[in-house]
Each structure stands twice: as C-alpha cells, then as structure tokens.
Amino acid sequence: SWKQSWYPYSWHYHYYGTGLALTEEKTVYGWGSTTYGDLGTTSSSTITPAMHYTAIPIKIKKVNSTEETVEDLKNIVQTAGGGSSGDQGNGSYTHTLFLDEDGYVHAVGYNGNGELGAGNTVMDGDLKKTSLIKNIVQISGSSNGNFSAAVKDDGTVWTWGYNTSGQLGNGTNDSPKLTPIQVGGGSSNAMKLRYGAVFEADGITPVQDKNGNDIVYNKPTELLTTVYIEEDQTFKIEASDIQVEKS
C-alpha cells in the first residue's frame, strides 16, 4: 500500500477528486484532478495541465524563479484544499494549500477569486506564497465557497478569496479579497499607513534606492507593509495620515 511506500501521516481529498499524501520527509505526493494545476503541475513537469488529471501519484513540485528550475516542494507539515462546484454543475474550481515548517502558506490551483491569497488571480500551475501572513499553524480551504483560511500562532484567523456572502468574516461582503484579511466581524479594524520615508542616521537625509531614487512612500493608494531599513537608518511615518479603517 502507499502507506508502506511513503509512510504518510497526513492526507487530504478534494471535493472533485484530488488526493494528497504528506510523507515523513515532509514532501507531498498528489493524484487525481489537476484541471487548474492543483498538483503544482507546470509545463516543466511530467504531467501537463492539459491532461487535467493523473492516475498515479506524482511528487508536488514548485518553480524556483531565481534559478529557473523546477524542484520538489519541501518542508511541508500540513496540507488542505478547497473549491466550489462550477456555475453550471460542469466541474469544480479547486485549489490546494500547503503549510511549511516556517509557518508560511503556499497555494496552487483555481484562483479566479484570489483563493491563493497571492494578490492576483493568476492561474498558471505554479505554487504561490500567500501574501502578508506568516507564523501560521493551521490551514483550511472551504468545501463550497471559493475561499481559504488560516490560523496564526497568536490565535487570530485570516481569510481570503470569495466573499459575496460574507464568508471571510470581516463584516462586509466586498469580494474578492486577493490577500488575507483578519476575521473579526464589523469591529475588525486595521491600521493603514500610507505615507512615510526612510532616512539616514541624521534623520534628515532621505535614503536612496539602487536607482538613486529617494525611498519615499507618498501615494494615497500605497499601503506600507514591509519596509527594509539598515541598522543606522530610521523610518518615519507622517503622523497626520495614520488611519484606522475597516480591513
């Protein structure tokens, strides 16, 4: 049996017939439907997206964009999947989630509503790292709602994807959400920072990037998320524009 061959201690089945097995070596095998690249299949894989399924288990792989190679998905500690039936009952929009040992979520498959949480709706069969969240301890995909969910180590719950019926739990039915938002009902608010700049140690001289441009964030639609500064630099936020808004 496959249990004797791969010693999996976790497995998952999609609604539409995709199976996953997680091995003790923290790699993942999959079989069944791969209509939307649910198994991480790419043009470089032995199973192409055009086949839509594989009847034998294959090792889940990802694209290393830096080295332009395809490599095994490693250090995975949990798998999940989700999806929704097609509008005319002619299929299932499925996606697959993988949690690595460092607390990051990777996803692949149907992404028409941002189910992968990567900030876009691209569906190319390549695994995407879910944006903006880390320190995840539990992942889940909806069985019939086209969204995904995760629990952080601080106990907070984060969701992303389709939200026309308030599936994401943030007090709205704004849809879709292409990146994770925190669950918490109408009282769930997030501090949104839009204006700031990085300065040298004197606190006056703006730091410049490799192209010679000042590192200044001054667009109304540009939220400050990850800002990198050196040890002797400072980051200043325009206090007059600190806002607390519904996420």
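Preceding this section is the structure that the text describes.
Residues numbered from 1 in each chain as written. Predicted model: local features only at pLDDT ≥ 70, side-chain atom pairs only at ≥ 80, totals over all residues. Heavy atoms only, no water.

**Q** Mind showing me how you'd approach the sheet that holds strand β18 (residues 234-237) here?
**A** What links the strands of a sheet is backbone hydrogen bonding, and the strands pair in either a parallel or an antiparallel sense. With antiparallel pairing, the 3 strands of this open sheet are ordered in space as β17-β16-β18. Two strands bound the open sheet, and with one partner strand each, they are β17 (216-217) and β18. Looking at chain direction, strand β16 (residues 196-199) and β17 are connected through 2 bridges and run antiparallel. Bridge assignment links Ala197 to a residue of β17, and that residue is Val216. (Pairing = 2+ DSSP bridges. Helix = DSSP H or I, 4+ residues; strand = E, 2+ residues; numbered from the N terminus.)

**Q** Hey, could you run me through the nonpolar core in this one?
**A** The tendency in soluble globular proteins is for nonpolar side chains to be buried side by side. With 12 residues, the main nonpolar core is built from Ala80, Leu97, Leu99, Val105, Ala107, Leu116, Ile133, Ile136, Ile139, Ala150, Trp158 and Trp160. Residues within four places of Ala107 in sequence aside, it is in contact with Thr96, Leu97, Leu116, Asp126, Leu127, Lys128 and Thr130. Core analysis: the second largest hydrophobic core is formed by 11 residues, Leu22, Val28, Ile58 and Leu127 among them. (Core = buried A, V, L, I, M, F, W, Y, C linked by side-chain atoms within 4.5 Å. Buried < 20%, exposed > 50% of the residue type's maximum accessible area, 1.4 Å probe, protein only. Contact = heavy atoms within 4.5 Å.)

**Q** Is there a simple way to explain the pattern of salt bridges in this structure?
**A** For the structure shown, the criterion picks out 5 salt bridges. Salt-bridge contacts for Glu101 lead to Lys26; the nearest nitrogen and oxygen are separated by 2.8 Å. A residue pair is termed long-range when its members are at least 10 positions apart, and Glu101 in the loop between β8 (92-100) and β9 (105-109) and Lys26 in the loop between β2 (18-22) and β3 (28-33) qualify at 75 residues. Owing to a relative accessible area of 26%, Lys26 belongs among the partly exposed residues under this scheme. A salt bridge links Asp72 to Lys59; the shortest N-O distance between them is 3.4 Å. On the criterion of sequence distance, the pair formed by Asp72 in strand β6 (residues 69-72) and Lys59 in strand β4 (residues 53-59) is long-range, its members being 13 residues apart. Here Lys59 falls in the partly exposed class, since its relative accessible area comes to 27%. (Salt bridge = Lys/Arg side-chain N within 4 Å of Asp/Glu carboxyl O.)

**Q** Can you walk me through the sheet that holds strand β14 (residues 177-182) in this structure?
**A** One open sheet holds the 4 strands; their spatial order is β11-β12-β13-β14, and the pairing between them is antiparallel. Two strands in the sheet have a free side with no partner beyond their single neighbour: β11 (136-141) and β14. Within the sheet, the average angular offset between the axes of one strand and its neighbour, ignoring direction, is 20 degrees. As paired elements, strand β12 (residues 147-152) and strand β13 (residues 157-161) share 5 bridges and run antiparallel to each other. Of the residues in β13, the one forming a bridge with Ala150 is Trp158. (Axes fitted to C-alpha atoms, helices over the stretch in contact; angles between N-to-C directions.)

**Q** Whenever I open this one, the side chain of Lys128 confuses me. Can you help?
**A** Checked against the element boundaries, Lys128 lands in strand β10 (residues 128-129). Here the side chain of Lys128 touches Asp126 through a polar contact of 2.8 Å, landing on its backbone oxygen. Excluding its chain neighbours within four sequence positions, the residues that come into contact with Lys128 are Val105, His106, Ala107, Leu116, Ala118 and Val122. (Polar contact = N/O pair within 3.5 Å; in protein donor to acceptor, adjacent residues only side chain to side chain.)

**Q** Hey, could you run me through the packing of aromatic side chains in this one?
**A** Describing an aromatic ring pair means giving the distance of the ring centres and the angle of the ring planes. Taken as a whole and judged by the stated rule, the model has 1 aromatic pair. Both rings, one in Tyr36 and one in Tyr110, keep their centres 4.9 Å apart while their planes meet at 75 degrees; by these two values the pair is edge-to-face. Within this pair, whereas Tyr36 is found in the loop between β3 and β4, its partner Tyr110 is found in the loop between β9 and β10, the two being separated by 74 residues in sequence. The class of Tyr36 is partly exposed, set by a relative accessible area of 24%. Since its relative accessible area comes to 13%, Tyr110 is described here as buried. Against the face of Tyr104 rests Lys129, its NZ or CZ located 4.4 Å from the ring centre. (Phe/Tyr/Trp six-rings, centres within 6.5 Å; stacked < 30°, edge-to-face > 60°. Lys NZ or Arg CZ within 6 Å of the ring centre and 35° of its normal.)

**Q** What exactly am I supposed to notice about the environment of Ile215 here?
**A** Residue placement: Ile215 occurs in the loop between β16 and β17. Expressed as a C-alpha distance, the spacing of Ile215 and Phe199, which sit 16 residues apart in the sequence, is 8.2 Å. Ignoring sequence-local partners within four residues, the contact set of Ile215 consists of Ala197, Val198, Val207, Gln208 and Asp209.

**Q** Can you help me understand the pairing of β3 in this one?
**A** Consecutive side chains of a regular strand alternate in pointing toward one face of the sheet and then the other. Burial within β3 is extensive, with 6 of its 6 residues counted as buried. Relative to β3, β2 is paired through 5 bridges, and the arrangement is antiparallel. Following the sheet pairing, Leu22 is matched in β3 by Val28. The turn linking β2 back onto β3 is made up of 5 residues, and Lys26 within it adopts a positive phi angle of 70 degrees. With 4 bridges joining them, β3 and β4 adopt antiparallel strand pairing. Within β4, the residue paired with Ser33 across the bridge is Tyr53.

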